[in-house]
Amino acid sequence: MDGIFGHWIDKSGRILSLSNIIRDKTGEAAAWYALEELGYAAVAWNDNGVRVRLSADKVDPRTVDGLILALSAVRRSVTLDVWDGERWQPHPFDSGEAFASGLFEAIGITD
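Everything in this summary refers to the structure shown in the same document. Everything quoted here is computed from the prediction, not taken from an experiment.

Right, let's get into the packing of aromatic side chains. For the coordinates displayed, the defined rule picks out four aromatic pairs. With 5.7 Å between their ring centres and 25 degrees between their planes, Trp32 and Trp88 make a pair best called stacked. Within this pair, whereas Trp32 is found in helix α2 (residues 27-37), its partner Trp88 is found in strand β6 (residues 88-93), the two being separated by 56 residues in sequence. Look at Trp32 and you get partly exposed, because its relative accessible area is 23%. Ring pairing ties together the aromatic residues Trp32, Trp83 and Trp88, which thus form one cluster. Seen from the ring of Trp88, Arg53 lies directly overhead, with NZ or CZ sitting 4.5 Å from the centre.

Below is the structure:
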């Protein structure tokens, strides 16, 4: 992962910094711990849109709910990068509303 992901969505839907989540790890180790062990999602905002990263098989369902709550009103593009265990798979959406509608399918939940 790279350092652009300054915001994280936890299982309660809160937006936190990585340093507020993990105190005993830094850098890449902290980011992967948050993704793989805690089931959180990384979020980065810039002028072009929003980028979200999560691990499809490790993300907590409450984190997914928090992402939908936090990003459904975004009017910019949202790119979801899903870690499949080997590489990031990008899923572009035109808006937060489209992201909220397609998030479950993008991570393999079709119920």
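Moving on from the model shown.
On to the environment of Asp24. Tracing the chain through its elements places Asp24 in the loop between α1 (18-21) and α2. In this structure Asp24 comes out as exposed when scored by relative accessible area, which is 66%. Along the chain, Asp24 and Arg53 lie 29 residues apart, while their C-alpha atoms are 22 Å from each other.

Each value, and the rule that gives it
- Each residue is numbered by its place in its chain's sequence as written, counting from 1.
- Owing to the predicted nature of the model, reporting of local features is limited to residues with pLDDT of at least 70; listing and counting of side-chain atom pairs is limited to 80 or more, with chain, interface and lining totals taken over all residues.
- Where side-chain values are given, they derive from all heavy atoms of the structure, hydrogens and water being excluded.
- Whether two aromatic rings pair depends on their centres lying within 6.5 Å, for rings of Phe, Tyr and Trp, where Trp uses its six-membered ring; planes under 30 degrees apart make the pair stacked, over 60 edge-to-face, and the rest tilted.
- Helix numbering and strand numbering both begin at the N terminus, where a helix is a DSSP run of H or I of at least 4 residues and a strand a DSSP run of E of at least 2.
- Only protein chains enter the accessibility calculation, which uses a 1.4 Å probe. A residue is then buried if its area is under 20% of the maximum for its type, exposed if over 50%, and partly exposed in between.
- Ring-over charges, as used throughout, are those where CZ of Arg or NZ of Lys falls within 6 Å of the ring centre and within 35 degrees of the ring normal.

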